[in-house]
Amino acid sequence: VVSLLWSFVWMGAYIETNIWLAGGKDEEATWDTMAGPFVGLMFGMFISFFWGYKVISTISSMTTSHVVASWYFDPEGASSGIPCCKPVTLVGLKRAMTNYLGSIAFGTLIVAILEAIYYTAKYVANKMAGGNLVLKLVVCCFLCILNCLKNTIEWLTEWAYAYIALYGSSFIDAGGKVFTMLGSSGMGALAQSTLVAPVLLMGRLIGGAVGVGAGML
C-alpha cells in the first residue's frame with residue numbers, strides 16, 4: 001500500500017516537473033529543444049522513484065528477516081503476543097525504520113542510481129538510434145552489461161540486508177561478510193538464495209493479506 005501511494009505521489013511530481021520544464025501547460029516543448037534538461041530531469045526523477053520504492057520494500061524485507069530469524073533462534077518468544085500485532089514484528093519494523101535506516105538508504109541508493117542510468121540510457125538510445133543498426137547493437141550490449149551489473153549488486157545487497165537484520169552490522173561490514181561468504185561457499189550461497197527469496201516473498205504476501213484483513217475488520 002505504501003509503495004503504491006509512493007508511486008502515485010511520484011507520478012504527480014513527475015508530471016508537474018515536466019510541465020514546469022516546458023514553461024507551462026500551454027507550451028509545446030520538443031526533443032530537439034529540451035533534450036538536455038529533460039534527460040537530466042528524468043534521471044533525477046528515476047533516482048527518486050527507485051530509491052523511495054526500494055527503501056519501502058527493503059524495510060518490509062528486513063522486518064520479515066527479523067521475524068524469521070527470531071522464530072528460528074527463539075520460537076517461543078517469536079510466537080508471543082496477539083495475532084497481527086506481535087512484539088517481534090513491531091521490534092523488527094522499529095529497527096528497520098530507525099537503527100538500520102541508514103544502511104537501507106545507502107544500499108538502495110546504489111541500486112537506484114544503476115536503475116536510473118539503465119532506464120535513462122535506454123530511453124535516450126531509443127530516441128537517438130533511429131535506424132542505425134550498429135548504434136543499436138552497441139547500445140544493446142551496453143544495456144545488457146549494465147543490467148547484469150545492476151542485478152548482481154542488487155543480489156549482493158539483499159544478502160547484506162539479511163546480515164544487517166540478523167546481526168545489526170553496518171552496510172559496509174555486512175557487505176564484507178557477504179564477500180567472505182561467497183569466497184568460501186559461492187555455490188552454496190547461490191543455492192540458498194533460491195530458498196530465501198520465496199520465504200521473504202511469502203512473508204510479504206502474508207503480511208499484506210493480514211494487514212488488509214485487519215483493516216477491513
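Predicted model only: the values in this text are computed from it and were never measured.

**Some details on the pattern of salt bridges**
In step 1: Taken as a whole, this structure holds 3 salt bridges when the rule is applied.
In step 2: Here Lys54 makes a salt bridge to Glu154, at a shortest N to O gap of 2.9 Å. Here Lys54 is found in helix α2 (residues 31-73), whereas its partner Glu154 is found in helix α6 (residues 133-167), with 100 residues between them in sequence.
In step 3: Note that Lys150 is salt-bridged to Glu115, the shortest N-O span being 3.7 Å.

**As for the environment of Ala125**
In step 1: Mapped onto the elements of the fold, Ala125 is located in helix α5 (residues 101-129).
In step 2: Since its relative accessible area comes to 11%, Ala125 is described here as buried.
In step 3: Distance in space between the C-alpha atoms of Ala125 and Leu143 is 9.8 Å, their sequence separation being 18 residues.

**A few points about the packing of aromatic side chains**
In step 1: Throughout the structure, instances matching the rule amount to 13 aromatic pairs.
In step 2: For the ring pair Phe49 and Phe50, a centre distance of 5.3 Å and an interplane angle of 65° mean the geometry is edge-to-face. As far as burial versus exposure is concerned, Phe49 and Phe50 are alike and both buried.
In step 3: An angle of 80° between the planes, with centres 6.3 Å apart, marks the rings of Trp155 and Trp159 as edge-to-face. Of the two residues, Trp155 and Trp159 both sit in helix α6, 4 residues apart, roughly one turn of that helix.

**Some details on α6**
In step 1: Between its terminal C-alpha atoms α6 stretches 51 Å, which fits the 51 Å expected from 35 residues at 1.5 Å a residue.
In step 2: Among the residues making up α6, those that are buried are Val139, Leu143, Leu146, Lys150, Leu156, Thr157, Trp159, Ala160, Tyr161, Tyr163, Ile164 and Ala165.
In step 3: Looking one or two places after α6, you find Gly168, whose phi comes out positive at around 70°.

Procedures and definitions
- Residues numbered from 1 in each chain as written.
- Predicted model: local features only at pLDDT ≥ 70, side-chain atom pairs only at ≥ 80, totals over all residues.
- Heavy atoms only, no water.
- Salt bridge = Lys/Arg side-chain N within 4 Å of Asp/Glu carboxyl O.
- Helix = DSSP H or I, 4+ residues; strand = E, 2+ residues; numbered from the N terminus.
- Buried < 20%, exposed > 50% of the residue type's maximum accessible area, 1.4 Å probe, protein only.
- Phe/Tyr/Trp six-rings, centres within 6.5 Å; stacked < 30°, edge-to-face > 60°.
- Expected span 1.5 Å × (residues − 1).

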